[in-house]
Amino acid sequence: MTTRAMIGSAKAEHVLAEGLSVRVRVPGSSANLGPGFDCLGLALSIFDELAVTITGTGVSVAVTGEAAGRVPLDERHLVARAVARGLEHAGVAVPGFHLECRNVIPHSRGLGSSAAAVVGGLAAASALVAADGRRPGLTDEELVQLSSEFEGHPDNAAASVLGSAVVTWSGERGRFFARKLELHRSVVATVFVPQIESSTEATRGLLPDAVPRADAVFNVSRAALGVVALTTSPDCLMDATQDRLHQDYRAEALPETTRLVAALRDRGHAATVSGAGPSVLVLGVQSLGAPEADLAAELGFTMIPVDVADGVEVVS
């Protein structure tokens, strides 16, 4: 084994060959879906693509699209860190790699960009291992676990791994789990994206450590109903997207988002804050049109119809 510094496992039995290259496509996501705080997620057809090529030494990164010019272009880049973690977990190493990122998922808008970055990097590492042929790539369960470790909860990450809608939970000893839901065929999604950004860490800091029992019971009932609405009874989506656990506490920090959610719900649309905001998600059975787009534009949002997406995939 070469004495050069290696990236990946310090005890690697295999060093992947220079020139090996893979490309992956990973969807964005919306989390919470109203009442399912940190436990419900939905994959959306807004995709980042990345390519990883094994090189002779070091880590280099090229970024186009979202956040270009605002992120590190070396081993500190979030996707690069995820690639290295995936290689380490697989027990392999590389002398270096070049990473190319084409970012489409809006950053800091509540659409799962950081989770997608981590999932994409781990999936790329998995694809490199599989392409090498000496051991299988990572399983979906491993991808969910490793990607969830980066943020401490699996809702966005599991949606980007598995696709569709997901129910997630955490167990003992830092374990994370997810199950994919089979969505009712009539469910459609729309997102409303503002130009402003928001920090998940900052808005999470607005949440209280305790809530009234009545509010906790309310959210348990709505989250359970959410699974029913998504899978068998989309006519329940308005009730199933009600929340008392996090959206009201974040309202003051997200005034335009709060106004748009309220205005859309007043018009009969099941609108929620997407993740920690400031984007808005609407779930329903019919596509939205010009009236909703105009309403959103008045508040500084762009309406984007999206499909519910499959999970991360290796592309040619």
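Each remark here, short or long, concerns the structure printed above.
Residues numbered from 1 in each chain as written. Predicted model: local features only at pLDDT ≥ 70, side-chain atom pairs only at ≥ 80, totals over all residues. Heavy atoms only, no water.

Caption draft 1: Inspection of the sheet that holds strand β2 (residues 14-15) at higher detail. Spatially, the three strands line up as an open sheet ordered β1-β6-β2, and their pairing is mixed. Among the strands making up the open sheet, the edge pair consists of β1 (7-8) and β2. Pairing analysis gives two bridges linking β1 to strand β6 (residues 92-94), with the strands arranged antiparallel. Bridging across to β6, Gly8 finds its partner in Ala93. (Pairing = 2+ DSSP bridges. Helix = DSSP H or I, 4+ residues; strand = E, 2+ residues; numbered from the N terminus.)

Caption draft 2: Molecular detail of helix α6 (residues 213-231). Under the 1.5 Å per step criterion, the end-to-end length of α6 is 28 Å for 19 residues, consistent within 8% with the ideal 27 Å. Among the residues of α6, Asp215, Phe218, Asn219, Arg222, Ala223, Gly226, Ala229 and Leu230 are the ones counted as buried. The buried residues of α6 occupy an angular sector of 135° when projected down its axis, which confines them to one face. Away from its buried face by more than 90 degrees, α6 exposes Arg213, Val217 and Val220. Where α6 is buried, its residues touch β4 (40-55), β8 (165-170), β9 (176-181), α7 (237-240) and β12 (280-284). (Expected span 1.5 Å × (residues − 1). Buried < 20%, exposed > 50% of the residue type's maximum accessible area, 1.4 Å probe, protein only. Arc of directions from axis to C-beta. Contact = heavy atoms within 4.5 Å.)

Caption draft 3: Highlighting the sheet that holds strand β10 (residues 188-194). Sheet architecture is open: four strands sit in the order β11-β12-β10-β13, paired in antiparallel fashion. Across the chains shown, the open sheet's two edge strands, defined by having one partner strand only, are β11 (270-273) and β13 (301-306). Neighbouring strand axes in the sheet, compared pairwise and without regard to direction, differ in orientation by 25° on average. Sheet topology note: the β11/β12 ladder contains four bridges and is antiparallel. When the bridges of β12 are listed, Ala270 appears paired with Leu283. (Axes fitted to C-alpha atoms, helices over the stretch in contact; angles between N-to-C directions.)

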